[in-house]
Amino acid sequence: MPGHDEVDRIVDSWLRERPDLDFSPLQVLSRVARLSKHLDRARRTAFTRSELQSWEFDVLSALRRAGAPYELSPKALLLQTLVSSGTMTNRIDGLVERGLVKRRTDPNDGRGIRVSMTADGLSRVDAAITRLVDAEAELLGTLTVAEQAHLADLLRKLSLDFD
């Protein structure tokens, strides 16, 4: 086993003070919380270098994952990004203003709207995801490919109850 980390020290202190409690959840979730801070920092850096905010990346990446012509309805976007319709409207407005997406009337439903990514939006989201994947690979660099797959399986199992 590798050396002790701060979580080990915290748990050891708690065990000394409260031996009546089971601190095994802290062994896992405190590390997840600490790693989350490093991931947040890596994401902010990747997005900033691509001149995007995280919410802009969320919307643009949903459009990018939709495939060419990189277009979705506002409803599909809000379902993928888990925000309210008012929030999505404001986000689309901001992206239109920055020239990263365009809004148009749905040709199949004159009452509907379609949101499509511009060439600038595509360029920025592609740059951001490349930087993000590189940064995340660096964060996982001490794990073998097999260890990463095993960890992904365990985290998936844990997260299924929350999705």
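Criteria and cut-off values
Residues numbered from 1 in each chain as written. Predicted model: local features only at pLDDT ≥ 70, side-chain atom pairs only at ≥ 80, totals over all residues. Heavy atoms only, no water. Patch = residues over 30% accessible without salt bridge, like charges linked within 9 Å, V, L, I, M, F, W, Y side chains within 5 Å. Areas by Shrake-Rupley, 256 points an atom, 1.4 Å probe, with all protein chains shown as cover. Salt bridge = Lys/Arg side-chain N within 4 Å of Asp/Glu carboxyl O. Helix = DSSP H or I, 4+ residues; strand = E, 2+ residues; numbered from the N terminus. Axes fitted to C-alpha atoms, helices over the stretch in contact; angles between N-to-C directions. Parallel < 35°, antiparallel > 145°, perpendicular 65-115°, else oblique. Contact = heavy atoms within 4.5 Å. Nonpolar A, V, L, I, M, F, W, Y, C, P; charged D, E, K, R; others polar. UniProt positions renumbered as here; feature names shortened; annotations may be inferred. Pairing = 2+ DSSP bridges. Buried < 20%, exposed > 50% of the residue type's maximum accessible area, 1.4 Å probe, protein only.

An unreviewed UniProt entry lists the protein chain under the name MarR family transcriptional regulator, with Cryobacterium melibiosiphilum as the source organism.

**A short note on a nonpolar patch on the surface**
On the surface, a cluster of nonpolar side chains totalling about 800 Å² of accessible area is made up of Val28, Leu29, Val32, Leu139, Leu140, Leu151, Leu155, Leu158 and Phe162. Those elements that provide at least two residues to the nonpolar patch are helix H2 (24–49) and helix H7 (145–159). Within the fold, valine 32 resides in helix H2.

**Quick look at the packing of helix H3 (residues 54–65) against helix H6 (residues 119–139)**
When two helices pack together, their arrangement is given by the angle between the helix axes and the distance between those axes. Relative to each other, H3 and H6 sit at 100 degrees, their axes nearing to 10 Å. Classified by the angle between their axes, H3 and H6 sit roughly perpendicular to one another. For the pair formed by H3 and H6, the contact residues are Phe57, Leu60, Ser61 and Arg64 on the first element and Gly121, Leu122, Val125, Asp126, Ala128, Ile129 and Leu132 on the second. Here the contact of H3 with H6 is built from residues that sort into 7 nonpolar, 2 polar and 2 charged.

**Things to note about the UniProt feature "domain: HTH marR-type" (unreviewed entry) in the protein chain**
Sites flagged by UniProt as "domain: HTH marR-type" (unreviewed entry) map to residues 25–160. The distance from the first to the last C-alpha atom of residues 25–160 is 18 Å, and the span holds 69% helix and 12% strand.

**Focus: the pairing of strand S3 (residues 109–117)**
Relative to S3, strand S1 (residues 71–72) runs antiparallel, the two being bridged by 2 bridges. Bridging across to S3, leucine 72 finds its partner in valine 115. Where strand S2 (residues 101–106) meets S3, 6 bridges bridge the pair, whose relative direction is antiparallel. In the sheet register, lysine 102 faces S3, and the bridge partner there is serine 116.

**What about the side chain of threonine 118?**
Structurally, threonine 118 can be placed in the loop between S3 and H6. You can call threonine 118 buried: its relative accessible area is 13%. Setting aside residues no more than four positions away along its own chain, threonine 118 makes contact with Gly99, Leu100, Val101 and Lys102.

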